[in-house]
Structures are given as C-alpha cells and as structure tokens.
Amino acid sequence: MNIVVTGGAGFIGGNFVYYELEKHPEDKIICFDALTYAGNMETLDEAMKNPQFVFVKGDIANRDDVDKLFNEHKPDIVVNFAAESHVDRSIENPGIFLQTNVLGTQVLMDACRKYGIKRYHQVSTDEVYGDLPLDRPDMFFTEETPLHTSSPYSASKASADLLVMAYHRTYQLPVTISRCSNNYGPFHFPEKLIPLMIINALHDKKLPVYGEGINVRDWLYVKDHCSAIDLIIRNGKVGEVYNIGGHNERQNIQVVKTILKELNKPESLIEHVTDRKGHDRRYAIDPTKIHNELGWLPATKFDDGIKATIKWYLDNEDWWQRIVSGEYQSYYEKMYSNR
Ligand code: NAD
Ligand code: TYD
C-alpha cells in the first residue's frame, strides 16, 4: 500500500514514519510536509536511506501541491498529522491554525474524494473535549463526551473533526478519527513542556511552570500512539472515533520534578510564571473502546518512558542543539536543493 503521512517531519508524524517502515516493510511511506518551524528534515535522516520512503515538500492547504502529490503517488491511505500544534502559539496568532488545521484538512479530503482512497485518517486530540475538573478523578473523556474547546488550537482541531465526519456522512468518504492525550518521546520539539524542561535543566536555566503547576495531563509515550493509529487505519471501523490514552496522569509540577531528579538538578531551578490564558485544568482519556474493539494497549509506563526520553535527549544533543540555534531550518536547502 501507498501511505501518505502528512506532517511526517514533525514529532509524532516522524515517529509514525519509523514505526510503519519497521512494522510494514512492504508498504511505501510518502511523507508530505511543508517544513514549517516545527518540521525538521534531520528527524527523517534515517528514513531517507530507506527505498520504501519518499519525502515530498508541500502544504496541505495548497490544492496544487496536494493534487501533484495524489497524481504522482496514488495513495491508498492518508494519515493527516500536519497541523499547527502549539496552544501558546495559537493564543498569539490563531489565523494560521485555521488555515492549516481546518482548511488544510478540507483540501486533503477533497483530493481523497477526487482521486479515491481506501482510508483518510485524521489525527486529532483529546483537547477537543475541553477540560475536566481537578477534583473529579472519576471523570474521563469518552468518544461521546461533547466537543467543548478552550483554545484557538483545540477549536481548530474540533472544527476539522466536524468536517471529517461531515465528509463521511455527506460523501461517504471512508474516514476514521483518533483523539490522543499528550505525547512525549524522541524528536519532540523543544517548545513543549517535557523537552523544554529537559533542555533548560541541562543548561541550568530556569524551568517556567505556568501558574501553580497543578494542571494535569495524561501522558502517552509516542510509540504507543503510533501503534494505536496503525491498528485504526488497518482494522478500525470507517466513520468511527477512537480515543487513545494510557491512564498516565501527572500534574505538570510532578513531571518537572521528575525530570530534575533524573538529571540530578535542584528544584530551585523551578520558576512559577504567569498562567496560560484559558489554561485547561485536566485531560484524562478513557481508552476502553480502542481496547475492546482493536485490542490496543499501551506498552510504556510513564516512569519508564520519561527515563527513555531523557536518555534520548542526552544521546541526541546534536538534534536539539541545531533547533535551539535555528540551524535546522537551513538544513533542507543545504541537503536537498540540488538533488
Ligand atoms: P508538530 O508541530 O511537531 O509537527 C507538525 C508537522 O506538520 C511539522 O512537521 C510541520 O512542518 C507540518 N506542517 C505544519 N503545517 C503544515 C502544512 N500546512 N502542510 C504540511 N505540513 C505542515 O506536531 P505533533 O506534536 O507531531 O502533532 C502531530 C499531530 O498530532 C497534530 O495534528 C496534533 O494536533 C496531534 N496531536 C498531538 C499531540 C501531542 O501531544 N503533541 C497529542 C494529540 C494529538
Ligand atoms: P504543552 O506541552 O504545551 O501541551 P498542551 O498545552 O497541549 O497540553 O503543555 C503541557 C502542560 O504544561 C500545559 O498544562 C501547559 C504547561 N506548560 C508549562 O507549565 N510551562 C511551559 O513552558 C510549557 C510549554 C507548558
């Protein structure tokens, strides 16, 4: 099969590229990515050596780019990871979130209708459900929880989900949607909580914790997210939504203290800063449906995954140093402009 992975130069998409190349060596993986600030060709260095892998630079919201992609590569499956993904950036500048996350989804699905496709999979987020109260540990997001968004980011993701379901109902496009909790692991861009804290701690810089740090996130090791999506695109039921999460809830302050402890750094590096506007309190996924229907279970506990992640950042300093210095953005031009 030909599988298009949009946003494959980003964090989760990149991990998914490697997961698929290893698990299904018979499939061809075509990564389609605009290489925004969050896209990094260095993440795909190893994949570029694999004859089953192709990289195509393009924007999911650009019809010419997308038509060219479908004409040349005739995908059987499209997995859409491409998105603007950072809540704080969405608060500063919502426009690009609507452009990429909503209109980009529409352009991709229009191409799927035009050229025919076995499956369109939308990678969504638990943030579409809004947040849960901190004092109700018995409450979890199920697939039936109403969409109730807080940030321009989550509103754009929820809008895209509605459009995906509308394309299924109206045009019978064979779609699935997954809504996953917070991911962590290798290749995570260092503007997000876990990699930012690891890198700041390594530099003995302050660790900026928003507000009191009591907000709760449900952390999933990125490879477990990849295994869930792999099951959904192959065995999931068309027209269905699947929540993905592994019951690994932690307060932000706990996560930060764990990182400091692992790196042998003092808690005095923690600095409480002004809270995020509209800050969601707690996310927590009920993954019963994907477990019962597809037999999915996460393989990695938070305590092991965070150690593996810290080790990855220690072993791959070149990767993140070039992000911190901004060098990675000229890498594509340097390596690929004359090929
Ligand atoms: P990321 O920001 O690390 O990567 C996004 C990738 O998309 C980048 O490579 C970027 O270059 C590319 N991209 C952006 N705009 C594009 C466009 N217009 N056309 C083509 N490519 C474009 O994001 P991530 O954390 O890997 O998230 C991937 C997906 O998973 C997103 O849809 C996000 O909403 C969803 N998600 C993320 C998390 C998480 O914890 N990070 C959790 C649940 C769901
Ligand atoms: P983030 O990694 O941005 O993911 P999301 O907002 O999608 O959950 O943030 C995770 C949590 O960490 C969130 O509650 C905000 C908080 N946070 C901080 O306290 N300090 C930071 O510097 C960042 C980036 C996030």
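It should be noted that the structure appears before, not after, this text.
One structure accompanies this document, and this report is about it. (Residues numbered from 1 in each chain as written. Chains lettered and ligands numbered in written order. Predicted model: local features only at pLDDT ≥ 70, side-chain atom pairs only at ≥ 80, totals over all residues. Heavy atoms only, no water.)

What follows covers the site of ligand 1. Taken together, the neighbourhood of ligand 1 is formed by 29 residues, with I12, D33, S85, Y153 and K157 sitting nearest. Between ligand 1 and K157, the relevant distance is 2.7 Å, taken from an oxygen atom to a side-chain nitrogen or oxygen of the residue. Its free accessible area being 830 Å², ligand 1 has 96% of it covered by the protein chains. Contributing elements (two or more residues each) for the shell around ligand 1: helix 1 (11-23), strand 5 (119-125) and helix 5 (152-171). Here the element with the most residues in the shell around ligand 1 is strand 5; it accounts for 3 residues. Grouping the constituent residues of the shell around ligand 1 by class yields 13 nonpolar, 12 polar and 4 charged. (Near = heavy atom within 4 Å. Polar contact = N/O pair within 3.5 Å; in protein donor to acceptor, adjacent residues only side chain to side chain. Areas by Shrake-Rupley, 256 points an atom, 1.4 Å probe, with all protein chains shown as cover. Helix = DSSP H or I, 4+ residues; strand = E, 2+ residues; numbered from the N terminus. Nonpolar A, V, L, I, M, F, W, Y, C, P; charged D, E, K, R; others polar.)

Here the focus is the site of ligand 2. In the vicinity of ligand 2, 17 residues are found, and the nearest of them are E127, P208, R217, R276 and H279. Here an oxygen atom of ligand 2 and a backbone polar atom of L193 are 2.9 Å apart. A distance of 2.7 Å is found between an oxygen atom of ligand 2 and a side-chain nitrogen or oxygen belonging to H279. Burial of ligand 2 by the surrounding chains reaches 96%, relative to a free accessible area of 510 Å². When contributions to the shell around ligand 2 are tallied by element, the ones reaching two or more residues are helix 6 (193-202) and strand 8 (207-210). In the shell around ligand 2, the residues fall into 8 nonpolar, 4 polar and 5 charged.

Next up on the list: the sheet that holds strand 3 (residues 53-57). If you trace the 7 strands from one edge of the open sheet to the other, you get 3-2-1-4-5-6-11, paired in parallel fashion. Each edge of the open sheet is held by one strand with a lone partner, namely strand 3 and strand 11 (241-244). Going across the sheet, the axis of each strand differs from the next one's by a mean of 20 degrees, ignoring polarity. Here strand 1 (residues 2-6) pairs with strand 2 (residues 28-33) via 5 bridges, running parallel. Residue pairing for strand 2: V5 is matched across the bridge by C31. Contacts between helix 1 and the sheet are confined to strand 1, strand 2, strand 3 and strand 4 (77-80), with strand 1 contributing the most and set at about 160 degrees to the helix. (Pairing = 2+ DSSP bridges. Axes fitted to C-alpha atoms, helices over the stretch in contact; angles between N-to-C directions. Contact = heavy atoms within 4.5 Å.)

Okay, helix 8 (residues 252-262) next. Listed as buried for helix 8 are N252, I253, V255, V256, I259 and L260. Down the axis of helix 8, the sector holding all buried residues measures 160 degrees, keeping them to one side. Remark: N264 follows helix 8 within two positions and exhibits a positive phi of approximately 60 degrees. (Buried < 20%, exposed > 50% of the residue type's maximum accessible area, 1.4 Å probe, protein only. Arc of directions from axis to C-beta.)

A separate point is the nonpolar core. Counting 36 residues, the largest nonpolar core has L44, F53, V79 and I244 as its most contacted members. At 6 residues, the largest contribution of residues to this core is made by helix 7 (residues 222-235). If we ignore the near neighbours within four places in the chain, the residues touching I244 are S178, R179, C180, S181, L220, H225, A228, I229, I232, I285, I290 and W296. (Core = buried A, V, L, I, M, F, W, Y, C linked by side-chain atoms within 4.5 Å.)

Before going further, it helps to examine unusual backbone geometry. Here the phi dihedral of H247 falls at roughly 55 degrees; this positive angle occurs in a residue that is not glycine. Inspection of the secondary structure assignment puts H247 in the loop between strand 11 and strand 12 (249-251). Among the residues examined, H247 registers a relative accessible area of 45% and is labelled partly exposed. The backbone of N264 sits at a positive phi, close to 60 degrees, despite the residue not being glycine. Taking relative accessible area as the criterion, N264 reaches 72% and is therefore assigned exposed.

Burial in helix 2 (residues 63-73) covers these residues: V66, L69, F70 and H73. One side of helix 2 carries all its buried residues, which in axial view fall inside an arc of 95 degrees. Projecting away from the buried face of helix 2 at angles above 90 degrees are the exposed residues D64, K68 and E72. Buried positions along helix 2 lie against strand 1, strand 2, strand 3, strand 4 and helix 4 (95-115). The N-capping residue of helix 2, defined by a side-chain oxygen 2.9 Å from the backbone nitrogen of D64, is N62. K74, located one to two residues past helix 2, shows a positive phi value of around 40 degrees.

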